[in-house]
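What follows is the residue order along each chain.
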Amino acid sequence: MIVPLLLTFVLSYVLGALPFGYLVAKAKGVNILEEGSNSPGATNVKRVLGSGPGNLVFALDFLKGFVAVIFAGPIAGIMAGIPLEQFSGGENDKIVALVGAVVGHSFSAFLKFCGGKGVATAGGGLFVMMFYPSVLAIVAWVIVFYSTRYVSLASIAAALVIMITPWVFGFGSSFGIVATVLGLLVIIRHQANINRLMAGTEHRWDRK
């Protein structure tokens, strides 16, 4: 049933593309696309505007993935004329919703197809789909961040964990493949950070 899946992707893309980082910064009188790393992601908002706005953007970006995985499929089914009681809510719908939300966040049509790196949005969707791998990824992020103070390195570590653990926990090839692809996307989106880490010029959060 290709139509419900296409609708799921479109709905999830639109949700993921909502530029919360840009909007929160704009409410503070700041064009986040011209400040810091020029990214509308939570890390740059936190760097430029402080913990309050940064944490708010992280929560909103996390919710984009979380809400998309839970609701986009059923809503798309209803739009396609499938009664809710007959909607299967299978893994394909969740995978398409997650991919749509992350693509929307990373390449937002509202921001001329630029966006954040997709860590929070992917985390929100994966938290619904694969709870234990997501928890382990969060633990990895916390350990790496508080031992190095590099957000980028912590995000890369979390991406590596989420790429590996679904296979270990036996979530099946479909979930394993999508987790691997999303993890690779996050790492690729951190290429500039990786270059700065290797050069020793990456931004490091001060201990406070």
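No experiment lies behind these values; they were computed from the predicted model shown.

(A) Just helix α2 (residues 20-27), in detail. Of the residues making up α2, those classed as buried are G21, V24 and A25. End-on view of α2: buried residues confined to an arc of 95°, all on one side of the axis. Among the structural elements, α3 (42-49) and α4 (51-79) are those in contact with the buried residues of α2.

(B) A look at the packing of helix α9 (residues 173-189) against helix α10 (residues 191-199). Put simply, α9 and α10 touch, their axes get as near as 4 Å, and they point 55° apart. Overall, the two elements α9 and α10 adopt an arrangement that is oblique. Between α9 and α10, the contacting residues are I187, I188 and R189 on the first element and Q191, N193 and I194 on the second.

(C) Up close: a nonpolar patch on the surface. Taken together, F131, Y132, V135, L136, V139, I143, I164, V168 and F169 make up a surface patch of nonpolar side chains, about 850 Å² in accessible area. By residue number, the principal contributor to the nonpolar patch is helix α7 (residues 131-148), which donates six residues. In this structure, I164 sits in helix α8 (residues 151-168). I164 sits in the exposed class, given a relative accessible area of 53%.

(D) View of α3. When we look at burial in α3, the residues that qualify are A42, N44 and V45. The buried residues of α3 all sit within an arc of 160° when viewed along its axis, so they share a single face. Residues of α3 that are buried in the fold lie against α2 and α4. Count one or two residues on from α3 and you reach G50, which has phi positive near 110°.

Thresholds applied
Residues numbered from 1 in each chain as written. Predicted model: local features only at pLDDT ≥ 70, side-chain atom pairs only at ≥ 80, totals over all residues. Heavy atoms only, no water. Buried < 20%, exposed > 50% of the residue type's maximum accessible area, 1.4 Å probe, protein only. Helix = DSSP H or I, 4+ residues; strand = E, 2+ residues; numbered from the N terminus. Arc of directions from axis to C-beta. Contact = heavy atoms within 4.5 Å. Axes fitted to C-alpha atoms, helices over the stretch in contact; angles between N-to-C directions. Parallel < 35°, antiparallel > 145°, perpendicular 65-115°, else oblique. Patch = residues over 30% accessible without salt bridge, like charges linked within 9 Å, V, L, I, M, F, W, Y side chains within 5 Å. Areas by Shrake-Rupley, 256 points an atom, 1.4 Å probe, with all protein chains shown as cover. Salt bridge = Lys/Arg side-chain N within 4 Å of Asp/Glu carboxyl O.

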